[in-house]
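What follows is the residue order along each chain.
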Amino acid sequence: MIIPRNWKSALLLGSISALSVLLLFSALISTVKLPFLSRAGLFSWLVLLALTVVASRFTVSITTTLGAHQSRKSVADALVFLAVILYAVPPADTAGPATLLAAIVAFVSTYGLTNRRESIATTAIAVISTFLSASCYGFLATVFADDLSKSSAQGLPVSVFLVPLCVLAVLQYLFSTLATVHFLNLLDDNPRVLPSQESLVWTLTTQVAGAASAVLFYSALTGGGFAFILLGLLITAMVHLLYRFNEKRLNEVRRAEAENRRHVEEMANIHMNTIESLAIAIDAKDQTTHGHVRRTQIYASEMGKLCKVDGPELQALFAGALLHDIGKLAVPEYILNKPGKLTEAEFAKMKIHPTVGGDILRRVNFPYPVEDIVRYHHEKWDGSGYPKGLKGEAIPLVARIISVVDFYDATRCDRPYRKGMKREDSLGLLRGMAGSAFDPRVVDKFIEHVEKFDRLIDAEDIQEQVPAETAAHDHDYETKTKPDAGLASNLVGTADDDQAGFRSITEAQREVFALHEIAQTIGSSLNLNDTVTLISNKLRAIVPFDTCIIFVVDEKSGKAVAAHVVGEDAPAFAQRRMNVGDGITGWVIANARSMCNASPELDLVGVSEELSKSYKGVLVSPLLREDGAFGALTLYSKSRTSYTTEHVRLLESVCQHASTALNNALTFEKTKESALVDSLTNLPNARAFYMMLEQRLAECQRMSNESLAVLSMDLDDFKAINDQYGHAIGDRVLASIAAVMRKELRQMDILTRYAGDEFVAIMPMASSSMAQSVCERMRSAVETQKFSVRPGTVVHVGISMGIACFPDQGGTTEELLTAAARKMQTDKHARKTVITLANMPVSNLDAMR
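Presented here is a report on the structure given in the accompanying data block.

The rules behind these values
- Residues numbered from 1 in each chain as written.
- Predicted model: local features only at pLDDT ≥ 70, side-chain atom pairs only at ≥ 80, totals over all residues.
- Heavy atoms only, no water.
- Helix = DSSP H or I, 4+ residues; strand = E, 2+ residues; numbered from the N terminus.
- Contact = heavy atoms within 4.5 Å.
- Areas by Shrake-Rupley, 256 points an atom, 1.4 Å probe, with all protein chains shown as cover.
- Pairing = 2+ DSSP bridges.
- Axes fitted to C-alpha atoms, helices over the stretch in contact; angles between N-to-C directions.
- Patch = residues over 30% accessible without salt bridge, like charges linked within 9 Å, V, L, I, M, F, W, Y side chains within 5 Å.
- Salt bridge = Lys/Arg side-chain N within 4 Å of Asp/Glu carboxyl O.
- Buried < 20%, exposed > 50% of the residue type's maximum accessible area, 1.4 Å probe, protein only.
- Left-handed = near helix turned anticlockwise from the far one by under 90°.
- Nonpolar A, V, L, I, M, F, W, Y, C, P; charged D, E, K, R; others polar.
- Polar contact = N/O pair within 3.5 Å; in protein donor to acceptor, adjacent residues only side chain to side chain.
- Phe/Tyr/Trp six-rings, centres within 6.5 Å; stacked < 30°, edge-to-face > 60°.
- Core = buried A, V, L, I, M, F, W, Y, C linked by side-chain atoms within 4.5 Å.
- Parallel < 35°, antiparallel > 145°, perpendicular 65-115°, else oblique.
- Disulfide = S-S within 2.5 Å.

**Digging into the overall build of the protein chain**
Phase 1: When you go through the protein chain residue by residue, the secondary structure sums to 30 helices and 14 strands.
Phase 2: Considering only contacts in the protein chain between residues 6 or more positions apart, those separated by 24 or more positions represent 66%.
Phase 3: Accessible surface for the protein chain amounts to roughly 42,400 Å². Of this, 58% is attributable to carbon and sulfur atoms.

Below, the structure is given as C-alpha cells:
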C-alpha cells in the first residue's frame, strides 16, 4: 500500500497516474486497430514485444547527489525508439505501440524497487513522455518527408527521420530521466536534489546508444541486412557491459566511502560526547547542571533554524551551546560562585574566559565556527561587551543567538547565589536589555517562539527551571540576585566588604588542605579510637562546631552509640545512645541523607533542658557503606543558628573519607574479636585463654603471689553422642553443657573452650578447697542435667576434672595447664575404672579376690 507524505504529493501522483492510464487505454485501442497487422506483421510485433520484455531487465541506475537510487533506465529504450520509427509515421501513424512498449519497459525495469511509489511514478511518466515524444516525432517526420518528397513504401530514408529521431531522443531523455528524478524528489519534499554526474553520463550514453541501435535495426528491417542488427546489438551490449563494470567499481568505492563515513560519524559522535562530558564538568565548576546544557542546545538549535543559519553554523550552535563557557577553566571557583557583586579585579579575571575559551578551541580546528561563539558570546549589541568591544552586526549571528538563550535559561534556574525567575520576569529582563546587550531582532524572535521551545523542553523531561506560573520568592533583582558572570555589573547590588573575595580564596585553600590532610591521614590506623579522634580533630578546620559526636550503630542492640565525642559538654554526650529513626541523628542514619538547620532540641531528647537549649544549630551527615548507613557524624553549634549548603557539602565530603576509614576500623575490631571467641559456645577460645591467663598471672605476681586456680575439664565419651546422633546434635549439646558450666562459676571466673569437648576455667583468688568445691558442684550440675537429642530422647553426660593452683602446682601458664590436665586424666581413668567395676558380673569380682 502506498502512503503519500502529503496531499500535494497524493494529488500529483494521482493526476499523472490517471493521465497515463488514459493514454495506455488509447494506445491499446490504436494498436489493436492497426490495419496492416497481418499475420506477418503481427508476428513481427509480438517478436518486438518479447524482445522488449527481455531487454527491460538490463538497466542503468539513476542516482541522486545524495546517493539514493531514484529510478532506472533500460537498454530496451532502443526497441521503443524502433517502434516509434516504425509506427509513428504513415501508414500506421500512431504512437500507440511505442507507448505500450515504454510502459512495459518502465514497469519491468523498476518492478524490483522496494518503493512502489517510485515504480508507479516512473511508469506513468514513461507513458506520458513516450506518447508526447512519439507524437512529436511523427509530426516532424511527416513535415520533413513532405518537404523533401522522400517518402517511399520501404519507409523513410535515414536523412528524413534523423532530425526527428534526435528530437525524439532529447525529449524522451528529458521526460523519462530528468523529469522522473525531479518529480520523485517533489514527492519527497526535496526538489533540490539532482541526479549525480555519474548517472547523467551513463544514462545519456545509454540514450545515445539506444537511438543509434534503433537506426541500425530500422536499416536492417528496410533491406540493410543482418549485419546492421548485429552492429546495433553490439553497441547496446558494449555500452551496458561498460556500465556494469563501472557500476561494480563505483559500488566498491561507495562501500569504502560508506565505511569511511561510518567511521567519521562514529568519531564525530565520540568527539561530541567527549565535548559534552567536558562541558558538564565545566558547568559543574560553575554550579550549573547538565539540564542547562541540554536546554541551551535546544534553544540555540531552534533559534538557528528560525534565523535561517546554514548547516555549518547550525552545527556550531549545537557545539557552542556546550562549550561557550570552556574558558571558565581559567577562572577560580570562588569567583564563579561568589554570591555578591564581583570586585573590579575579580571581574577582570572573569572577562578573560571568552578569550581563553577561543584560544583553546582554535587548536581543535572545528570545521564550523564554534570559536566565534565562544570568543564573542559576551559581546554586547551597543559595543560595551568584551573581549573585543564588537558592536551590532559585527558580532557573529551565532554568538548573538547563544548570548540570548544562555542568559534566558540561566535567569530561569535556581542557583546557590540566587533564586530563578519565572518566565515573564526573565523575558521582561530580556526586553529591557534588547538594543543594549542583545540583538533586538534575535530577542523578538526568541520571545515570539519561547513557549514552543519550552514545550520541546517539557517533552525531553529536562525541566529545572522555575515554573512559568510560579513566582520566585523574595526577588530583588537590584540587591539580592546575581545573574551570570559578565552581566553582574548592571544588575547586582554593591558588596559592603571588598575583601570578601580574598577571604573566599583563603577559606577555599584552607578547605582544600584540610580535605587533603584528612584523605592522607584518616586511614593510617585501624584502631577505632584513633580513627574517630583523627576525624574530629581534622574536621574543625573546615566546618565550625562546638560539639562533635561520631555515632556508630551497634549491631547487637541496633542502637546508635556515641563512639567519640569532642568539644564542649563531651562528658554529657559520652554515653549517649539513641534508636535508629529517632531524633535528627536517627533519621539521618535511617534515611542515609544529610539534615541541617532543624531544631537541635529534636536531637537532644533525654539531655538536660538547660544543656539542650544552649545549642542553636545542628548539622548531621550519614556514614555510608554499600549496605547503607552504619553511623552518623553530628555537629552541634551554640553560636551558629544555621549551616550553609557549602558546610553540608564539606561535611559530606569528610564523611565520604571517614566512612571508609571507620568501616575498616570496625571490621578490624570485629575480626579481632572473632579471633578470640569460639563461635559455637560464645566462650573465649584457646588463644584468648592463654592471653587472659598470662594477664591474670602477672596480676597475681604483682599482688605477692595471690592464689589462682586453673580447672581442666573434659567430657566423658562425648564422641559416642556425635557418632550416634550426628555432629549437629553434638554441637547443640556441647553449647548447652557450656551454659550449665558457666552458671556454676563465679562472675569473676573465666570459662573457655580449649579444644573439642575440653574446657578450661580460670578462677582468680581461688584456693584449692574453693576450686574443689566449685568442681564438685559443676560436675553434679552437668551429670544430673538431661540433654535432649531427639523428641522424647535425652542423654546424660559425664565430666572429668583436674585442678592446678598458683603458685603451689606451677608458676607459668604451661606448668599450670599441664598440672591441671594431668589431674584431669587421672580423674578420668579413676572414673572409668569405677564404672567398669560397677558393670562387671559378681563371679568376675570373686575371681579377682
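**Things to note about the sheet that holds strand β9 (residues 708-716)**
Phase 1: Read across the sheet, 4 strands follow the order β10-β11-β9-β14 without closing on themselves; strand pairing throughout is antiparallel. Strands at the two margins of the open sheet, each flanked by one partner only, are β10 (750-755) and β14 (798-806). Within this sheet the neighbouring strands show an average axis-to-axis angle of 20 degrees, counted without direction.
Phase 2: Alignment of β9 against strand β11 (residues 758-764), held across 7 bridges, turns out to be antiparallel. Across the sheet, Leu711 pairs through a bridge with Ala761, a residue of β11.
Phase 3: Along the sheet, helix α28 (residues 768-784) contacts β9, β11 and β14; its crossing angle with β14, the most-contacted strand, is approximately 165 degrees.

**Side note on a nonpolar patch on the surface**
Phase 1: On the surface, a cluster of nonpolar side chains totalling about 290 Å² of accessible area is made up of Phe43, Val47 and Leu51.
Phase 2: Note on placement: Val47 falls in helix α2 (residues 39-55).
Phase 3: Judged by relative accessible area, Val47 falls into the partly exposed class, the value being 34%.

**Quick word on the pattern of salt bridges**
Phase 1: Counted by the stated rule, this structure contains 28 salt bridges.
Phase 2: Residue Asp359 pairs with Arg362 through a salt bridge whose shortest N-O separation is 4.0 Å. Of this pair, Asp359 and Arg362 both sit in helix α13 (residues 353-364), 3 residues apart, which is roughly one turn of that helix.
Phase 3: Given the relative accessible area of 34%, Asp359 is considered partly exposed.
Phase 4: Two residues, Arg441 and Glu393, come together in a salt bridge whose shortest N-O distance is 2.4 Å.

**Some thoughts on the packing of helix α15 (residues 397-412) against helix α16 (residues 423-433)**
Two numbers describe a pair of packed helices, the interaxial angle and the distance between the axes.
Phase 1: Running from amino to carboxyl end, α15 crosses α16 at an angle of 145 degrees, the nearest separation of the two axes being 9 Å. In this structure, the crossing between α15 and α16 has a hand that is right-handed. Note on element contacts: α16 touches α15 through Arg423, Ser426, Leu427, Leu429, Leu430 and Met433, opposite Val404, Phe407, Tyr408, Thr411 and Arg412.
Phase 2: Class assignment for the residues of the contact of α15 with α16 results in 7 nonpolar, 2 polar and 2 charged.

**So, the side chain of Thr585**
Phase 1: Along the chain, the position of Thr585 falls in helix α22 (residues 583-591).
Phase 2: Relative accessible area serves as the criterion here: at 0%, Thr585 is assigned to the buried category.
Phase 3: There is a polar contact of 2.7 Å between the side chain of Thr585 and the side chain of Asp603.

**Here we look at the packing of aromatic side chains**
Phase 1: Within this structure, the stated rule accounts for 12 aromatic pairs.
Phase 2: Arranged with centres 6.1 Å apart and planes meeting at 70 degrees, the rings of Phe573 and Tyr615 form a pair that is edge-to-face. Pair noted here: Phe573 is in helix α21 (residues 570-573) and Tyr615 is in the loop between α23 (609-613) and β7 (617-625), with a separation of 42 residues, a long-range link. Neither residue differs from the other here; Phe573 and Tyr615 are each classed as buried.

**Some words on the sheet that holds strand β4 (residues 559-567)**
Phase 1: What the 6 strands build is an open sheet, ordered β5-β4-β3-β8-β7-β6; its pairing is antiparallel. The sheet terminates laterally at β5 (577-579) and β6 (595-596), the two strands that pair on one side only.
Phase 2: Alignment of strand β3 (residues 547-553) against strand β8 (residues 628-637), held across 6 bridges, turns out to be antiparallel. When the sheet's bridge partners are listed, Thr547 is paired in β8 with Tyr636.

**What about the nonpolar core?**
Phase 1: In this structure, Leu317, Leu323, Val370, Leu430, Phe438 and Phe446 are the most contacted members of the largest nonpolar core, which totals 40 residues.
Phase 2: Mapped onto this core, the elements with two or more residues apiece are α9 (290-306), α10 (311-323), α14 (370-376), α15, α16 and α17 (440-460).
Phase 3: Not counting residues within four places of it along the chain, the set of residues in contact with Leu317 comprises Ala300, Gly304, Val309, Ile373, Val398, Ile401 and Ile402.
Phase 4: By size, the runner-up hydrophobic cluster in this structure holds 35 residues, among which are Ala709, Phe718, Leu734 and Val782.

**Some words on the pairing of β8**
Phase 1: For β8, the buried fraction is high: 8 of the 10 residues fall into the buried class.
Phase 2: In this structure, β7 lies alongside β8, joined through 9 bridges in antiparallel fashion. Residue Val618 lies in a different strand from β8, and its bridge partner there is Tyr636.
Phase 3: Counted between consecutive antiparallel strands, the loop separating β7 from β8 contains 2 residues.

**Some words on the pairing of β9**
Phase 1: Taking burial as the measure, the 9 residues of β9 include 9 buried ones, the bulk of the element.
Phase 2: Examined bridge by bridge, β9 and β14 share 9 bridges and lie antiparallel to one another. Following the sheet pairing, Leu711 is matched in β14 by Ile803.

**Observations regarding the packing of helix α26 (residues 718-725) against helix α27 (residues 727-743)**
Phase 1: Contact geometry of α26 with α27 gives a least axis separation of 7 Å together with a crossing angle of 140 degrees. Relative to α27, the element α26 lies oblique. Facing α26, whose interface residues are Phe718, Ile721, Asn722 and Tyr725, α27 presents His727, Ile729, Gly730, Val733, Leu734 and Ile737.

**Structural notes on the state of the cysteines**
A covalent bond bridging the sulfur atoms of two cysteines is what the word disulfide describes.
Phase 1: One pass over the full model with this rule turns up 0 disulfides.
Phase 2: Cysteine Cys548 shares no disulfide, and the gap to the nearest cysteine sulfur, in Cys655, comes to 9.0 Å.
Phase 3: Here Cys775 stays free of any disulfide, with the sulfur of Cys805 as its closest cysteine sulfur at 9.3 Å.
Phase 4: With relative accessibility at 2%, the residue Cys775 sits in the buried group.

**Overview of unusual backbone geometry**
Phase 1: Following Tyr386, the chain continues into Pro387 via a peptide bond in cis, with omega recorded as 10 degrees.
Phase 2: Here Pro387 lies in the loop between α14 and α15.
Phase 3: Geometrically, the link from Phe806 to Pro807 is a cis peptide bond, its omega value of 5 degrees lying close to zero.
Phase 4: Checked against the element boundaries, Pro807 lands in the loop between β14 and α29 (813-839).

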